[in-house]
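Fold and geometry: a report
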Amino acid sequence: MSRLPFNSLAYALLQAARIDAAVFAGQSLADGLLGRVDPTARPAVQDLVYGSLRAYGRGDFFLSRLLDRPLAVDEVRALLLVAIYRIETRPEAVHTVVDQAVFAAGEVVGGKFRGLVNGVLRNFLRQQEALSAAVAADPAASTQHPEWWLAQLQAAYPLAWQDIVAAGNMPPPMGLRVNLRQTTRDDYLARLVAAGIAAKPVGECALALARPVAVESLPDFAQGAASVQDPGAQVAAELLDPAPGSRVLDACAAPGGKTAHLLERADLDLLALDLKAARCRRIEENLARLQLQATVKVADCAKLNQWWDGQPFDAVLADVPCTASGVVRRNPDAKWLRRVEDIASFATAQARILDALWQVVRPGGKLLYATCSVFPAENGEQISRFMERQPQALRCKEEQLLPGADHDGFFYCLLEKRA
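Below: a short report on this structure. Note that this is a predicted model, so its numbers are computed, not measured.

With that out of the way, let us pick up the environment of Y56. Position of Y56 among the secondary structure elements: in helix α3 (residues 56–66). Judged by relative accessible area, Y56 falls into the buried class, the value being 15%. Sequence separation between Y56 and A78 is 22 residues; the distance between their C-alpha atoms is 9.8 Å. Ignoring anything within four residues of it in the chain, the contact list for Y56 reads F24, R77, L81 and W336.

In structure tokens, the structure reads:
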């Protein structure tokens with residue numbers, strides 16, 4: 001239990017360090033690590049966690065030159081990384097950051113590392129200019145991405161890889177999906193403007209906000225007028241575009257954004273699957289807020305005997321697990337938790353899901369393969385291998401969205417099963 005005031009910078013630094021240390025130990029931010037933090041401090045802690053993880057390559061470079069040997073306590077190393085990130089982003093308050101980091105260090109291992117934290121941070125301030133200049137010679141530090149990740153991007157996108165890296169280092173945009181059952185995109189945009197929230201249209205029902213806001217400030221959010229969803233993710237429902245009354249499967253559905261979007265566009269007989277009960281509850285909660293109906297089941301979509309009744313589907317959405325390389329700015333831990341061999345591992349799992357779900361598509365029906373990746377082995381190459389195995393598959397449309405100012409990175413391929 002921390003003795004630090006919840007509203008202090010020291011508390012925020014300490015909690016961010018503990019979350020970062022958990023990530024370095026192999027946990028994911030998606031596991032709800034921020035839920036351990038006092039709600040009043042959560043925004044400040046989230047900013048420190050996400051920012052320090054995006055900048056991990058840079059911070060790790062600095063510590064490699066400031067420390068004589070690896071630290072025995074992961075929380076102390078994480079505290080130094082978080083404090084250095086704060087110093088770099090708030091240069092007007094560097095001495096406050098150092099003092100508060102020392103207070104935070106007093107809560108770790110009985111305060112044994114307070115002197116070390118103080119010394120390392122003050123040494124960083126003395127050497128900051130020289131260290132920052134040295135960053136340019138280190139690829140992981142200068143790009144804030146692992147070298148293997150850079151190699152993948154450079155090979156796939158020789159002209160665009162630097163733009164992809166730059167986007168991955170920025171805070172993500174906040175996008176909205178307007179519920180067209182309740183209002184129009186332009187009418188909801190006008191309501192946002194009237195509420196003092198700047199936004200612009202970026203799709204048939206998508207809006208991009210100029211800056212993130214709390215969902216409570218969005219007009220009629222609780223009544224289902226809009227949902228938070230990246231505009232790039234909204235392309236899925238637009239591409240699949242099932243006709244009203246269609247029998248539809250969303251095979252990897254949590255948290256339910258694409259499920260809801262499909263139902264907002266048309267009345268459907270829709271089955272949503274996900275592996276975990278807690279994630280299925282998220283789907284049900286989202287549907288309830290939007291006043292939409294679907295059947296939700298806990299199941300492994302690749303194990304047909306767990307859930308399929310033998311009746312084929314008109315349309316299937318296969319939003320498969322992937323490296324999340326296209327949404328790394330929303331998941332900054334991913335680029336440091338992943339390893340190059342994970343690409344092949346995900347590709348194997350994706351192929352298993354594709355082959356299984358192809359069996360439930362009716363002749364003449366459609367399957368939309370989707371990832372939030374920019375790595376070709378999970379995307380276009382995956383589809384090419386699939387089509388070699390499934391000659392009755394017709395590739396109707398393929399689209400690779402790269403992360404940019406208005407949306408994250410996604411891949412889509414719409415397949416039709418020849419009758």
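Having seen it, we continue.
On to the sheet that holds strand β8 (residues 313–319), then. Here 7 strands make up an open sheet; going across it, the order is β7-β6-β5-β8-β9-β11-β10 and the pairing mixed. Two strands in the sheet have a free side with no partner beyond their single neighbour: β7 (295–298) and β10 (393–401). The mean inter-strand angle of the sheet, taken between neighbouring strand axes irrespective of direction, is 15°. The strands touched by helix α11 (residues 231–240) within the sheet are β8, β9 (361–371), β10 and β11 (410–417), with β11 carrying the most contacts at an inclination of about 10°. Strand contacts of helix α12 (residues 257–265): β5 (247–250), β6 (269–274), β8 and β11, with the helix running at about 175° to β6, the strand carrying the most contacts.

Moving on, we come to unusual backbone geometry. At the junction of A254 and P255, the peptide bond is cis and its omega measures out at 5° in the coordinates. Looking at where P255 falls in the secondary structure, it is placed in the loop between β5 and α12. The phi dihedral of V109 is positive, around 50°, even though this residue is not glycine. Mapping V109 onto the fold places it in the loop between α5 (94–105) and α6 (114–134). The exposure class assigned to V109 is partly exposed, which follows from its relative accessible area of 40%. The phi angle at D220 is positive, at roughly 55°, despite the residue not being glycine.

This part is about the pairing of β7. Put simply, side chains in a regular strand alternate between the two faces of the sheet. In this structure, β6 lies alongside β7, joined through 4 bridges in parallel fashion. Residue pairing for β7: L271 is matched across the bridge by T295. After leaving β6, the chain enters helix α13 (residues 277–290) and then returns to the sheet as β7, a path that is right-handed.

This next bit is on the sheet that holds strand β1 (residues 175–178). Here 4 strands make up an open sheet; going across it, the order is β2-β3-β1-β4 and the pairing antiparallel. In this open sheet, the two strands that pair with only one neighbour each are β2 (199–201) and β4 (226–228). Neighbour-to-neighbour, the strand axes of this sheet turn through a mean angle of 30°, independent of strand direction. Bridging between β1 and strand β3 (residues 206–209) involves 3 bridges; their strand directions are antiparallel. Looking across to β3, one finds that L176 is bridged to L207. Packed on one face of the sheet, α12 meets β1 and β4 and runs near 30° to β1.

This brings us to α13. For α13, with 14 residues, the first-to-last C-alpha span of 20 Å sits near the 20 Å given by 1.5 Å per residue. Looking at α13, one finds that the buried residues are C280, I283, L287, R289 and L290. Considering only its buried residues, α13 is in contact with β1, β4, α12, β6 and β7.

For α5, built from 12 residues, the straight-helix expectation of 16 Å at 1.5 Å per residue is met to within 8% by its first-to-last C-alpha distance of 16 Å. For α5, every residue scored as buried is listed here: V94, V97, V98, Q100, A101, V102, A104 and A105. For α5, the elements touching its buried residues are α1 (9–24), α4 (74–89) and α6.

Here the focus is the packing of α5 against α6. One can describe the packing of α5 onto α6 by two numbers: an axis separation of 8 Å at closest approach and a directional angle of 160°. Considered as vectors, α5 and α6 are oriented roughly antiparallel to each other. Between α5 and α6 the crossing geometry is right-handed. Along the contact surface, α5 presents V94, H95, V98, D99, A101, V102, F103 and A105, while α6 presents R114, V117, N118, L121, R122 and L125. Across the contact of α5 with α6, the residue classes tally to 9 nonpolar, 2 polar and 3 charged.

Rules used throughout
Residues numbered from 1 in each chain as written. Predicted model: local features only at pLDDT ≥ 70, side-chain atom pairs only at ≥ 80, totals over all residues. Heavy atoms only, no water. Helix = DSSP H or I, 4+ residues; strand = E, 2+ residues; numbered from the N terminus. Buried < 20%, exposed > 50% of the residue type's maximum accessible area, 1.4 Å probe, protein only. Contact = heavy atoms within 4.5 Å. Pairing = 2+ DSSP bridges. Axes fitted to C-alpha atoms, helices over the stretch in contact; angles between N-to-C directions. Right-handed = clockwise from strand over helix to strand, strands pointing away. Expected span 1.5 Å × (residues − 1). Parallel < 35°, antiparallel > 145°, perpendicular 65-115°, else oblique. Left-handed = near helix turned anticlockwise from the far one by under 90°. Nonpolar A, V, L, I, M, F, W, Y, C, P; charged D, E, K, R; others polar.

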